[in-house]
Amino acid sequence: MTTGPDIVIIGSGIGGGTMAAALAASGRRILILERGERLVDCPEARDDAAIFGRGHFRPKEEWVTPEGEAFNPGNYYYVGGNSKLYGAVLIRYRAEDFRPIRHLGGTTPGWPIAYDDLEPWYQRAEELYGVRGDAGQDPTEPRHSGSYPFAPVPDEPAIAAVRARLKAAGVTPSALPLGVDIEAWLKRAATPWDAFPDTTGAKRDGETVGVATALEHPNVTLETGALVTRLIEGPDGRIAAVEYAKEGATRRVSAGTVVLSAGAVNSAVLLLRSRVANRSDQVGRNFMNHNSSAVLAVHPFRRNDAVYQKTFLVNDFYLTGGKDGTPLGNIQLLGKISGRILAAAGGVPRPAANWLAAHAVDLYAMSEDLPDPASRVTLQGERIVFDWRRSNWEAHEALVAKLKAVLRRAGFPLALSRPFDRRTPSHQCGTARMGTDPATSVVDVFCRAHDHPNLFVVDASFLPTSAAVNPALTIAAQALRTADHIMRKVLAA
Ligand SMILES: Cc1cc2nc3c(=O)[nH]c(=O)nc-3n(C[C@H](O)[C@H](O)[C@H](O)COP(=O)(O)OP(=O)(O)OC[C@H]3O[C@@H](n4cnc5c(N)ncnc54)[C@H](O)[C@@H]3O)c2cc1C
């Protein structure tokens, strides 16, 4: 049993890393327990066949479907968590996303806080993560109290031409807000960054920003290879100890404040296994993951020589565009797809994949997945059962159809699409949702567990809705807001 830290943070992804960065200034002793190790540079780091074909960076782990089919999930365990491989899109939810919205597949519940409550923290998160963007381009952009710290990542010439074609076709391509230092990224090798591991610090992620900022303070310690297995409740309802496995031994540590940031699937698993924080029976439920498809815009006589490609988004169908004015979702560029990546996805022979990749502009269509208590993560013994029930699929199909129509108007004779499958839980969220009613939610508006006064769950689990934009900046903003609350109301008490 180790005693000592005032605060234990479980997990070092965007949630845990940002919490550590913000709480470090309190001077309290902080211990970060991270099951993974630091990603180190290796030849595979920029080898798309190793990453997408052989799954070199994936965990040696299996989850099962309710039917008992085992699969290897694309869920990453490193210092920095999933953000080590992320596309570094750091975008705000739209102001409308915080209110109930009627979708083709149902109505979202809205958030217990408003956009204006989170806005100052979005601003700080953008500053902390050094986001490159321009808030003046996208008509759906919510109010910003400041400006982005850096100008947008520039379009490559081939992508500037696509942007002009799309504009002429009647939509509004706008700068994608990004946390990547493009010159530093390209110095290592001329590859895209989306879904590639960051081994050189060019991405602004949970490790390079969150953990690195925290470790500048002597009161913060990071323990890697520390797999947390249980939270132990004391007789007073507080979390009395955190149990973890390291180097074959079981260890325990206690702290006045426990922050759980193991990611939406693993935080739920840990709460379920520990039988804590679940008076509402909502832990593990409301699992959401976005409905998304890759859409390839192909022109047989035009080659796309872009290296990274991922610099703009289109939100013309974000707030409306569906039947009766319902929202459809976000469109953004994917990292440039190669023939090897396409062949690894299956179904396309290598020569055809090479030709297609050379002539395609690759886009990502993303629609909101709505909370559903039946969509859930559970435990069967030690096995993680992943029962994601997709919702609002008709909105996604409509978005893909609209995008294809725009692409045809923009001069692409062929547009091919394929949905991302359920083994890619990249945008996982919702499994410990935030709310004011302890009967229907797991944490309060500052991510404190309704059932345990010293337990905070700060990662994608708290998100009450998935919206239709990438989640990381919203997780970071709420982490900063929660850390501020802890420093003012919990540590100062
Ligand atoms: C390929 C890919 C591309 C993406 N692109 C984008 C993007 O462009 N923009 C965006 O906003 N989002 C993107 N995402 C999603 C984004 O990365 C996640 O939403 C975000 O990183 C989630 O942060 P988190 O803190 O909730 O969890 P995680 O990143 O999952 O962090 C959890 C941490 O806890 C650790 N952990 C887990 N269990 C335990 C345990 N039992 N004990 C100790 N430690 C534990 C993990 O190792 C990990 O470090 C992408 C994800 C992927 C996989």
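Report on the accompanying structure. (Residues numbered from 1 in each chain as written. Predicted model: local features only at pLDDT ≥ 70, side-chain atom pairs only at ≥ 80, totals over all residues. Heavy atoms only, no water.)

### Quick look at the overall build of the protein
Across its full length, the protein carries 11 helices and 21 strands. In the protein, which comprises 493 residues, the share counted as buried stands at 60%. Taking contacts inside the protein between residues at least 6 apart in sequence as the whole, the part at least 24 apart equals 72%. For the protein, the accessible area works out to roughly 18000 Å², and carbon and sulfur atoms hold 52% of it. Distance between charge centroids for the protein: 2 Å, based on 55 positive and 53 negative side chains. (Helix = DSSP H or I, 4+ residues; strand = E, 2+ residues; numbered from the N terminus. Buried < 20%, exposed > 50% of the residue type's maximum accessible area, 1.4 Å probe, protein only. Contact = heavy atoms within 4.5 Å. Areas by Shrake-Rupley, 256 points an atom, 1.4 Å probe, with all protein chains shown as cover. Lys, Arg positive; Asp, Glu negative; His and termini not counted. Charge placed at Lys NZ, Arg CZ, Asp CG, Glu CD.)

### Structural notes on the packing of helix α1 (residues 14–24) against helix α11 (residues 472–491)
Orientation of α1 relative to α11, taken along the N-to-C sense of each, is 35°, at an axis distance of 8 Å. Crossing of α1 against α11: the hand is right-handed. For the pair formed by α1 and α11, the contact residues are Ile 14, Gly 15, Thr 18, Met 19, Ala 22 and Leu 23 on the first element and Ala 472, Ile 475, Ala 476, Ala 479, Leu 480, Thr 482, Ala 483, Ile 486 and Met 487 on the second. Split by residue class, the contact of α1 with α11 holds 12 nonpolar, 3 polar and no charged. (Axes fitted to C-alpha atoms, helices over the stretch in contact; angles between N-to-C directions. Left-handed = near helix turned anticlockwise from the far one by under 90°. Nonpolar A, V, L, I, M, F, W, Y, C, P; charged D, E, K, R; others polar.)

### Overview of the sheet that holds strand β8 (residues 173–175)
Across the sheet, which stays open at both edges, the 6 strands sit in the order β8-β15-β16-β17-β14-β20 with antiparallel pairing between neighbours. Two strands lie at the open edges of the sheet, namely β8 and β20 (414–419), each paired on one side alone. Ignoring which end each strand starts from, the neighbouring axes of this sheet average 30° apart. Where strand β14 (residues 291–298) meets strand β17 (residues 360–367), 8 bridges bridge the pair, whose relative direction is antiparallel. Among the inter-strand pairings, Val 298 is bridged to a residue of β17, identified as Ala 360. Its contacts with the sheet put helix α10 (residues 393–409) on β14, β16 (330–333), β17 and β20, and the angle it makes with β17 is roughly 150°. (Pairing = 2+ DSSP bridges.)

### A few points about the sheet that holds strand β2 (residues 7–10)
Across the sheet, which stays open at both edges, the 5 strands sit in the order β9-β3-β2-β13-β21 with parallel pairing between neighbours. The two strands at the open ends of the sheet, each matched to only one other strand, are β9 (220–223) and β21 (455–457). Here the average twist between neighbouring strands, direction ignored, is 15°. Sheet analysis places β2 next to strand β3 (residues 30–33), joined by 4 bridges and oriented parallel. Note on β3: the bridge partner recorded for Val 8 is Leu 31.

### Side note on the site of the ligand
Every one of the 36 residues lining the ligand counts as a neighbour, but Gly 15, Glu 34, Gly 87, Val 89 and Ala 472 are closest to it. Within the backbone of Ala 88, one N or O atom sits 3.1 Å away from an oxygen atom of the ligand. When the ligand is considered free in solution it has 1000 Å² of accessible area, and contact with the protein chains removes 95% of it. Counting only elements with at least two residues in the shell around the ligand, the list comes to α1, β10 (227–233) and α11. For the shell around the ligand, the per-class residue count stands at 19 nonpolar, 14 polar and 3 charged. (Near = heavy atom within 4 Å. Polar contact = N/O pair within 3.5 Å; in protein donor to acceptor, adjacent residues only side chain to side chain.)

### Describing the environment of Tyr 93
Take Tyr 93: it is sitting in the loop between β5 (70–71) and β6 (102–103). Relative accessible area serves as the criterion here: at 0%, Tyr 93 is assigned to the buried category. Apart from residues no more than four positions distant in its own chain, Tyr 93 is found in contact with Phe 98, Trp 111, Tyr 115, Tyr 122, Pro 142, Leu 463, Thr 465, Ser 466, Ala 467, Val 469 and Thr 474.

### Here we look at helix α4 (residues 157–168)
The end-to-end C-alpha distance of α4 is 17 Å, a good match for the 16 Å that 12 residues give at a rise of 1.5 Å each. Burial in α4 covers these residues: Ala 158, Ile 159, Val 162, Arg 163 and Leu 166. Across the axial projection of α4, the buried residues extend over an arc of 140°, all falling on one side. Facing away from the buried side of α4 by more than 90 degrees, the exposed set consists of Pro 157, Lys 167 and Ala 168. Each element contacted by the buried residues of α4 is listed here: β8, β15 (312–314), β16, β17 and α10. Downstream of α4 by a residue or two, Gly 170 has a phi angle that is positive, lying close to 105°. (Expected span 1.5 Å × (residues − 1). Arc of directions from axis to C-beta.)

### Regarding the side chain of Asn 304
Of note, Asn 304 is situated in the loop between β14 and β15. Classification of Asn 304 as buried rests on a relative accessible area of 10%. A distance of 3.0 Å separates the side chain of Asn 304 from the backbone nitrogen of Ala 306, its partner in a polar contact. If we skip the residues at most four places from it in the chain, Asn 304 touches Ala 158, Ile 159, Gln 309, Lys 336, Ala 358, His 359, Ala 360 and Val 361.

### Remarks on empty space enclosed by the protein
The full count for this structure, using the stated rule, is 3 cavities of 30 Å³ or more. If you add up the space inside the largest cavity, you get close to 70 Å³. Taken together, 13 residues line the largest cavity, and the ones lying closest to its centre are His 103, Tyr 318, Pro 327, Glu 368 and Ala 468. In terms of residue class, the lining of the largest cavity is built from 7 nonpolar, 4 polar and 2 charged. (1 Å grid on protein atoms, 1.4 Å probe; cavity = no way out; pocket = protein on both sides within 12 Å on 5 of 7 lines; lining within 4 Å. Points joined across faces, edges and corners; volume = space filled by probe spheres on them.)

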